[in-house]
Amino acid sequence: MTEAITGWHAHIYYDPASTRSMAAALREAIGARFPDALLGRWHDVPVGPHPCAMYQVAFPPSLFPSLVPFLALHRAGLVVLVHPETGRARADHAEHALWMGQVLPLRLDVLPV
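Residues numbered from 1 in each chain as written. Predicted model: local features only at pLDDT ≥ 70, side-chain atom pairs only at ≥ 80, totals over all residues. Heavy atoms only, no water.

If you look the chain up in an unreviewed UniProt entry, it shows as DOPA 4,5-dioxygenase from Belnapia rosea.

In this section: the packing of aromatic side chains. Under the definition given, this model contains six aromatic pairs. With 4.5 Å between their ring centres and 40° between their planes, Trp 8 and Phe 64 make a pair best called tilted. Here Trp 8 is found in strand E1 (residues 7-13), whereas its partner Phe 64 is found in helix H2 (residues 64-74), with 56 residues between them in sequence. Overall, Phe 64 belongs to the partly exposed group, its relative accessible area being 24%. Note on Tyr 13 and Trp 99: the rings are 6.1 Å apart at their centroids and 15° apart in plane angle, and the pair reads as stacked. Placement of the pair is Tyr 13 in strand E1 and Trp 99 in strand E5 (residues 98-100), with a sequence separation of 86 residues. (Phe/Tyr/Trp six-rings, centres within 6.5 Å; stacked < 30°, edge-to-face > 60°. Helix = DSSP H or I, 4+ residues; strand = E, 2+ residues; numbered from the N terminus. Buried < 20%, exposed > 50% of the residue type's maximum accessible area, 1.4 Å probe, protein only.)

This part takes up the nonpolar core. Counting residues in hydrophobic clusters, the biggest one holds 22 residues, and the most contacted among them are Ile 12, Ile 30, Val 57, Phe 59, Leu 71 and Val 82. For this core, the secondary structure elements donating two or more residues are E1, helix H1 (20-33), strand E3 (54-59), H2 and strand E4 (80-85). Counting seven residues, the second largest nonpolar core, distinct from the first, contains Tyr 13, Met 54, Val 79 and Leu 81. (Core = buried A, V, L, I, M, F, W, Y, C linked by side-chain atoms within 4.5 Å.)

A word on H2. Since the α-helix packs 3.6 residues into each turn, any two residues three or four apart lie on the same face. Of all the residues in H2, the buried ones are Leu 67, Val 68, Phe 70 and Leu 71. Considered in projection along H2, the buried side chains sweep an arc of 155° and stay on one side of the axis. The exposed residues of H2 that point more than 90 degrees off its buried face are Pro 65 and Leu 73. Buried-residue contacts for H2 involve E1, H1, E3, E4 and E5. (Arc of directions from axis to C-beta. Contact = heavy atoms within 4.5 Å.)

Moving on, we come to the environment of Ile 5. Within the fold, Ile 5 resides in the segment before E1. Beyond its immediate stretch of four places on either side in the chain, Ile 5 contacts Pro 61, Pro 84, Glu 85 and Thr 86.

So, about H1. Between its terminal C-alpha atoms H1 stretches 20 Å, which fits the 20 Å expected from 14 residues at 1.5 Å a residue. Residues of H1 that are buried include every one of Ala 23, Leu 26, Arg 27 and Ile 30, and no others. For H1, the buried positions fall inside an angular range of 105° around the axis, keeping them on one side. Across H1 from its buried face, at more than 90 degrees, point the exposed residues Ser 21, Glu 28 and Ala 32. Its buried side turned inward, H1 meets E1, strand E2 (38-43), E3 and H2. (Expected span 1.5 Å × (residues − 1).)

Another point: the sheet that holds E2. An order of E2-E3-E1-E4-E5 is seen for the five strands of this open sheet, with the pairing classed as antiparallel. In the strand order of this sheet, the two ends are held by E2 and E5, each with one partner. Between one strand axis and the next, the sheet turns through 20° on average, direction left out of account. Here E4 pairs with E5 via three bridges, running antiparallel. By the bridge assignment for E5, Val 82 is matched with Leu 98. (Pairing = 2+ DSSP bridges. Axes fitted to C-alpha atoms, helices over the stretch in contact; angles between N-to-C directions.)

The structure is reproduced here in structure tokens:
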């Protein structure tokens, strides 16, 4: 059974002390190139299932073919998690996740099944 993907999230991980400026440059580039993407708040501390600082980029399925390759080529060594939005948060973050760079251990227990 194929579940409907209603949107996508990209989580851009960074270290507030050493790579925040790189994350900011990537964020600015995303905002300039993809006006239909929604740039989420900066989180300089772990939040939800995420083990370190990050910000989220929410985008519609129509942007996937251009935004995900852009992230792959311009992430400047930052770790990026891309996952679909299907209404099943735990599965979206664990089973359907796409990672660029190191796979980070998520706190999946805080997500609904």
